[in-house]
Amino acid sequence: MTDPIRVLVVEDDPVAADAHVMYVGRVPGFTVVGTARTGAEARRALDRTPVDLLLLDLHLPDVHGLRLARSLRAAGHHADVVAVTSARDLAVVREGVSLGVVQYVLKPFTFATLRDRLVRYAEFRATAGEASGQDEVDRALAALRVPGPAALPKGLSAPTLERVTVTLRDRAEGLTAAGAAEAVGISRITARRYLEHLVEAGLAVRAPQYGTVGRPELRYRWVRG
């Protein structure tokens, strides 16, 4: 039986970290061996625990994720990296390639998105031996490539999700579904679906808003990532 791929989740927000641990635990062949909220905690964890893969947030409180990856390489740690981040700078993506970043997962994402990346990584990792030719090398590398955009839940679109995400991130006090609907220009029901998707992805939290007459309304707040 093949040993599971050992994953260290490096994420400073506890809500997001718990979501990532849960997601990884649902993918056969992977096991979470620990969590770290800072770069320093990640280094200590790697010194005491064998790790195959880092699920790494790039915006840590004490160090940028790529700087951490570079220092780990210099220290002799060879774990691969799946970057989980809201950063969209393609220069960062290019830099990460040389530091062992094998996949990028942009927040917000669904379980299906992360599962797809992990399964592809496992296929790539399973390749061994000597290639018979260029075609076999190409097939091994193709395991990491994504054939197309990951599907969102039915009825949700990427452009609208991006607008809801940006709106929520810009409101430190949070938003109700009605507030998000007004800001983005969609219906209240639609806004709630997008906000709930962000909660399920571990990127937002919700809590009842009291002080109004009748049933309390839910207020959503962005979780930094």
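Our subject is the structure listed above.
What comes next is a walk through the structure.

What counts and how
- Residues numbered from 1 in each chain as written.
- Predicted model: local features only at pLDDT ≥ 70, side-chain atom pairs only at ≥ 80, totals over all residues.
- Heavy atoms only, no water.
- Phe/Tyr/Trp six-rings, centres within 6.5 Å; stacked < 30°, edge-to-face > 60°.
- Helix = DSSP H or I, 4+ residues; strand = E, 2+ residues; numbered from the N terminus.
- Buried < 20%, exposed > 50% of the residue type's maximum accessible area, 1.4 Å probe, protein only.
- Lys NZ or Arg CZ within 6 Å of the ring centre and 35° of its normal.
- Pairing = 2+ DSSP bridges.
- Contact = heavy atoms within 4.5 Å.
- Axes fitted to C-alpha atoms, helices over the stretch in contact; angles between N-to-C directions.
- Arc of directions from axis to C-beta.

Here's the deal with the packing of aromatic side chains
For the structure shown, the criterion picks out one aromatic pair. Pairing Tyr23 with Phe111 gives two aromatic rings, centres 5.5 Å apart and planes at 55 degrees, and the pair type is tilted. Within this pair, whereas Tyr23 is found in helix H1 (residues 14-25), its partner Phe111 is found in helix H5 (residues 111-126), the two being separated by 88 residues in sequence. Assigned by exposure class, Tyr23 and Phe111 land together as buried. Positioned over the ring face of Phe111 is Arg26, at 3.9 Å from the centre of the ring.

Considering the sheet that holds strand E7 (residues 204-209)
Read across the sheet, three strands follow the order E6-E8-E7 without closing on themselves; strand pairing throughout is antiparallel. With one partner strand each, in any of the chains shown, strand E6 (175-176) and E7 form the two edges of the open sheet. As paired strands, E6 and strand E8 (residues 217-222) are joined by two bridges and run antiparallel to one another. In the strand pairing of E8, Thr176 is matched with Arg219. Packing of helix H9 (residues 188-200) onto the sheet brings it into contact with E6, E7 and E8, and relative to E8 it is tilted by some 50 degrees.

As for helix H3 (residues 65-74)
Looking only at H3, the buried set comprises Gly65, Leu66, Leu68, Ala69 and Leu72. The arc that holds the buried residues of H3, viewed along the axis, is 155 degrees, so those residues lie on one side. Opposite the packed face of H3, turned more than 90 degrees from it, sit the exposed residues Arg67 and Ala74. Check the buried side of H3 and you find it contacts helix H2 (39-48), strand E3 (53-56), helix H4 (90-97) and strand E5 (101-106).

Focus on the sheet that holds E3
Pairing is parallel across the open sheet formed by five strands, whose spatial order is E2-E1-E3-E4-E5. Looking at the sheet topology across the chains shown, the edges are occupied by strand E2 (30-36) and E5. Within the sheet, the average angular offset between the axes of one strand and its neighbour, ignoring direction, is 20 degrees. Pairing of E3 with strand E4 (residues 80-85), which is carried by four bridges, proceeds in the parallel orientation. What sits directly across from Leu55, in E4, is Val82. The strands touched by H2 are strand E1 (5-10), E2 and E3; relative to E1, the strand with the most contacts, the crossing angle is about 160 degrees.

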